[in-house]
Amino acid sequence: MQVVPLLRSVVLAAPLTAIAAGAQTLPLPGDAPNLRPSLPVEAYLDWGLGVVGNEVLTVGEVTREQMNPMSPWAARLREGEDPRAMQEEVIRDLAMTRLEVEAGRNRGFDPALVDSLVSDNFERRMELMGGPVAFSQQLSTSRLTPEQFREMMRGNLLRTVWRQSEQGQQPGPSGRLLADRYVRPGELLSAYQALAESDDSEDLAVVGGAPASYRLKRLILSLEEHAPGLEGQAAAERVEFLANRLRGEVMLGDASFPDLVEAWDANRGRNADLERSLRRVRNMSLDLHGSDALERFVRTARAGEVSPAVPYLVEGQVRAYLLYQLTSVEEAVAPAPFSDLAVQEGLREFLLEQLDQRRLVRARIELVRGSFVHPRDLRTFLARGELASSRGR
């Protein structure tokens, strides 16, 4: 998704470099040393992204969240990911977290009860960390004060309360459930029939089954390596001829496929064997090779047979030819019967998880629509993000 113009101008421009100045202090005349601020520039200089609920979201907060050792973003930064590439995710996460925390606070739960739960959790966390001294050192490493950590715990508690009440996992402040979590017997049977007929490994696992699994070894012959000096169709024809010649050697018994992989493969045998269900073979055949040739080979081949040469396509252009050897087949496992109580319990959990996800996405979208979010572009940015994430689930 493209960043909306407002966010693009604020997030991806000069302010980040200014905030990164960190330890620099504001230049002041030498005759006024008593006015020199004790805090870094970032404490005084920041740029607002927008207003979310009752709070302003700033560039500085986005940067600090990325650098916070306790955040998931810090791990991605340590792995070398560009901080600018994840800024959309950080902005969306911070904004939606604030809206959820505010929604939890607006549910009207007893503040004294919330304070008590936060204090209990704080004390429990301190004990787990080895006592006050060790806990204080850990907070210092994470650049947090005890009060900031308390507020984080309070926010997480309110956010969890709001989510679970929207999903019907616990009652709201009135003591009544807001959503029905009863899964009807007819829903269980319909879900069982659909999952039992699926060829997806995750779907079949819910009902105790598994698809057939095919183990493949592959040989990659690149045009760049095996047709130097040739281009286009001429290069493709030469490498295709080479691939078919090598396949013929295996079929005649003059060579073994593993030996050919060691001698000819673009990675010189460093390719691990592939283990794929038929569905994944189908996707690989269409995505990498532009046809169902590989799928048809796997459906009909016996262990040890080698496929005809199939092209590897990049943007419609042949970059290599591949040979596949079917080394083994693991037979499918039939689904357990619907009468199995363990299958019904697994189905119930599966359906409730899907229902929880749908309810949460719908509730978060309504939260964006019903809360004060300024400017309008920021509201659109958040709503589109929720819709996109729901499609990916």
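Higher on the page you've got the structure.
This structure is a prediction, so every number in the text was calculated from the model and none was measured.

Undergrad: Which parts of the structure should I look at to understand the sheet that holds strand β3 (residues 213–222)?
TA: If you walk across this open sheet you meet the 4 strands as β4-β3-β6-β5, and the pairing is antiparallel. Across the chains shown, the open sheet's two edge strands, defined by having one partner strand only, are β4 (274–277) and β5 (310–314). For this sheet, the mean angle separating the axes of adjacent strands, direction not counted, is 45 degrees. Strand contacts of helix α13 (residues 257–264): β3 and β6 (317–330), with the helix running at about 35 degrees to β3, the strand carrying the most contacts. Lying over the sheet, helix α15 (residues 293–300) contacts β3, β5 and β6, oriented at roughly 20 degrees with respect to β6.

Undergrad: Help me understand the pairing of β6 in this model?
TA: A regular strand carries its side chains on alternate faces of the sheet. By the bridge criterion, 10 bridges tie β3 to β6 in an arrangement that is antiparallel. Bridged to Leu219 within β6 is Leu323. Hairpin connection of β5 to β6: 2 residues between the antiparallel strands, including Glu315 at a positive phi of 55 degrees.

Undergrad: What exactly am I supposed to notice about the packing of helix α3 (residues 59–67) against helix α5 (residues 87–106) here?
TA: Helix-helix packing is described using two parameters, namely the angle between the two axes and the distance between the axes. With their axes 10 Å apart at the nearest point, α3 and α5 run at an angle of 105 degrees to one another. Classed by the angle they form, the pair α3 and α5 counts as roughly perpendicular. Each of Glu61, Val62, Glu65 and Gln66 in α3 lies in contact with α5, whose residues at this interface are Gln87, Val90, Ile91, Leu94 and Arg98. Per-class residue counts for the contact of α3 with α5 are 4 nonpolar, 2 polar and 3 charged.

Undergrad: What's the story with helix α9 (residues 185–196) in this structure? I'm lost.
TA: For an α-helix, 3.6 residues make a turn, and residues three or four places apart therefore share a direction. For α9, spanning 12 residues, the distance from its first C-alpha to its last is 16 Å, which sits close to the expected 16 Å at 1.5 Å a residue. When α9 is considered as a whole, its buried residues turn out to be Leu188, Ala191, Tyr192 and Leu195. In a view along the axis of α9, the buried residues occupy a sector of 105 degrees, so they form one face of it. In the core, the buried residues of α9 are packed alongside α10 (201–206) and α16 (341–370).

What counts and how
Residues numbered from 1 in each chain as written. Predicted model: local features only at pLDDT ≥ 70, side-chain atom pairs only at ≥ 80, totals over all residues. Heavy atoms only, no water. Pairing = 2+ DSSP bridges. Helix = DSSP H or I, 4+ residues; strand = E, 2+ residues; numbered from the N terminus. Axes fitted to C-alpha atoms, helices over the stretch in contact; angles between N-to-C directions. Contact = heavy atoms within 4.5 Å. Parallel < 35°, antiparallel > 145°, perpendicular 65-115°, else oblique. Nonpolar A, V, L, I, M, F, W, Y, C, P; charged D, E, K, R; others polar. Expected span 1.5 Å × (residues − 1). Buried < 20%, exposed > 50% of the residue type's maximum accessible area, 1.4 Å probe, protein only. Arc of directions from axis to C-beta.

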